[in-house]
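One letter stands for each residue in the lines below.
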Amino acid sequence: MTTPHAMTTPTHPALLGSLSSTAAPEQIINFSPGPTSLPKEVEAKIADIFNTTGLTSLAISHRAPEFLAILEHAIASTRKVMEIPDDYEILFTHGGGHGQFAALPLNLCHNASDIATYVVNGTWSIRGRDEASRYCTVQTIDGSAPETGDYTHFPELTEADIDPNSKYLYVCSNETVNGIELHRLPKLLESRKHIPLVVDASSDFSTKPIDWHGSNVGVLFACASKNIGHPGLTMTIIRKDLLGEGKASPLCPGVFNYTTNSEAGNLWNTPATFNIEVVGIVMDWLDSHGGIAENERRSIAKAKQLYEVIDNSNGFYGTPVANKAIRSRMNVPFNVKGGDEELTNQFLIESWEQGMIGLRTLTPFGVGDYLRASLYNGVTKENAATLAEFMCRFARENA
Ligand SMILES: *Cc1c(COP(=O)(O)O)cnc(C)c1O
C-alpha cells in the first residue's frame with residue numbers, strides 16, 4: 001500500500017534511509033550497500049551458535065585450542081574456495097577497508113619517497129589514494145571522463161602511465177558507489193610485470209575467481225561487511241615475498257604490520273574472533289553451493305535481471321555506466337525518470353513498503369544522484385527478480 005500524503009514531505013522513513021520496513025519479515029529483502037544481510041542459511045548457522053549451550057567464540061581466549069580450530073578452519077575454507085596459492089598469507093586485519101588504505105603504503109613503502117601508482121576510477125579509489133598520499137609518493141592514473149569529471153569507465157593502463165619504480169599498482173576491483181567492476185583483474189604489460197598489483201576487493205571478493213599469479217596480485221583486501229561477514233574484520237591476502245623484516249616503514253604500527261601479524265599467526269593481538277568464525281561459515285556456504293564459479297554465475301544472473309529492466313525501459317530508468325563490460329554486478333545504480341524527485345520518492349516509498357530496503361542509504365559521499373541495488377551474497381536470484389518485477393510494474397504505472 002502506498003502513502004500518497006508522504007510523497008511530498010521528506011518525513012517518510014523510507015526517504016530518511018530507514019531499514020525498518022512495515023512489510024512482513026519474510027518479505028524483507030536487504031539491498032543495502034553494506035553492512036548487509038548474509039545468506040539465510042548462513043544467518044541460521046550463526047543463530048545456532050547462540051542456541052547451543054557452551055561458550056561461543058565471543059567468550060573464549062583467542063589462544064585457546066577451540067578458537068585455533070575456528071581460525072584454521074576459516075583460513076583453510078577461504079583458501080579452498082578462493083583457490084589461494086600457498087605462497088600467499090591470509091591475514092585477518094583491523095580497521096576496515098580504511099585501515100588497509102593506510103596499511104598498504106606503510107607495509108609496501110619503506111620510505112615516504114617510495115612511489116605507488118593509483119588507478120582512480122571512483123569514490124573508493126580516491127579515498128584509498130588520498131590516505132596513501134600521507135605515507136608515500138603517489139602517482140595517479142585518472143579515470144574520470146574529460147568532459148564531465150564523472151567516473152564511468154576504467155582507464156587504459158599504458159606503459160607511460162606506470163612508473164617502473166612503483167612499489168605497487170593499486171586498483172579497486174569494484175567501485176561500490178559508481179557501479180564499475182573489473183570482472184577480471186587487469187594483466188600488466190610485460191615491462192611492468194615486476195610491479196605487484198594491489199586490489200581493494202571490499203565489495204566483490206568471493207563473487208568471482210581471481211587469477212592470483214596471472215594477475216601478479218601482491219595484496220588483496222576486502223572488508224568483511226559486504227560479501228563475507230560483519231563489520232570489524234578485514235581479510236588481507238598478501239604474497240609472501242612482500243613480507244619480511246625491514247620491508248615496512250619503520251613507522252608502521254604493529255597492528256597494521258603484515259610481517260608482524262603473519263609471524264604471529266594472526267594472533268599478535270586479539271583478533272575479531274566471532275567475525276572470523278562467521279567468515280568460515282560464509283566460505284563453507286560458498287563451498288557447498290558450487291564454489292566460486294557457481295557464485296559468479298549467480299552474481300551475473302542477479303545483475304542481468306536489473307540491467308535488462310533498465311536498458312529496456314525506454315529511458316524511464318537510467319544507469320551511469322554505459323559500457324556493459326565494466327558494469328558492476330554487485331551494485332546496480334539507477335535513477336527514475338532522469339532523477340525526478342517526486343517519482344524517485346514514490347519509488348522508494350512503494351518499494352520500501354513492499355519490503356525492498358536499502359536502495360538509498362547514506363555513504364561517506366552523500367546519498368548520490370542514483371539509487372543503488374546491492375546484490376551481495378545475501379541477495380538471491382529470486383530477490384533480484386522481485387525488484388526487477390517491481391521496477392517493471394512501477395515503470396508501467398508511471399511512465
Ligand atoms: C565499503 C568499502 C570500503 C570501506 O570499508 P570500511 O570497512 O568502511 O573501512 C572500502 N572500499 C570499498 C570498495 C568499499 O566498498
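That block above? That's the structure.
Read on for a plain summary of the structure. (Residues numbered from 1 in each chain as written. Predicted model: local features only at pLDDT ≥ 70, side-chain atom pairs only at ≥ 80, totals over all residues. Heavy atoms only, no water.)

This part covers the packing of helix 6 (residues 273-288) against helix 7 (residues 291-311). Interaxial distance between helix 6 and helix 7 falls to 7 Å at its minimum, and their mutual angle equals 85°. Accordingly, the angle class assigned to the pair helix 6 and helix 7 is roughly perpendicular. Along the contact surface, helix 6 presents Trp285, Leu286 and Asp287, while helix 7 presents Gly291, Asn295 and Arg298. Partitioning the contact of helix 6 with helix 7 into residue classes produces two nonpolar, two polar and two charged. (Axes fitted to C-alpha atoms, helices over the stretch in contact; angles between N-to-C directions. Helix = DSSP H or I, 4+ residues; strand = E, 2+ residues; numbered from the N terminus. Parallel < 35°, antiparallel > 145°, perpendicular 65-115°, else oblique. Contact = heavy atoms within 4.5 Å. Nonpolar A, V, L, I, M, F, W, Y, C, P; charged D, E, K, R; others polar.)

The next subject is helix 1 (residues 40-51). Helical geometry note: an α-helix holds 3.6 residues per turn, so side chains three or four residues apart project in the same direction. Counted at 1.5 Å a residue, the expected span for helix 1 with its twelve residues is 16 Å, and the 16 Å between its end C-alpha atoms agrees. Of the surrounding secondary structure, the elements contacted by the buried residues of helix 1 are helix 6. (Expected span 1.5 Å × (residues − 1).)

Attention now goes to the site of the ligand. Around the ligand sit 13 residues in total, of which Gly97, His98, Thr176, Asp200 and Lys226 are the nearest. Within the side chain of His98, an N or O atom sits 2.5 Å from an oxygen atom of the ligand. Residue Lys226 places a side-chain N or O atom 2.6 Å away from an oxygen atom belonging to the ligand. Bound to the protein, the ligand loses 84% of the 390 Å² it would expose on its own. Of all the elements, helix 3 (residues 96-108) adds the most residues to the shell around the ligand, at four residues. Classifying every residue of the shell around the ligand gives four nonpolar, seven polar and two charged. (Near = heavy atom within 4 Å. Polar contact = N/O pair within 3.5 Å; in protein donor to acceptor, adjacent residues only side chain to side chain. Areas by Shrake-Rupley, 256 points an atom, 1.4 Å probe, with all protein chains shown as cover.)

Purely spatial values, then, with no claim about function.
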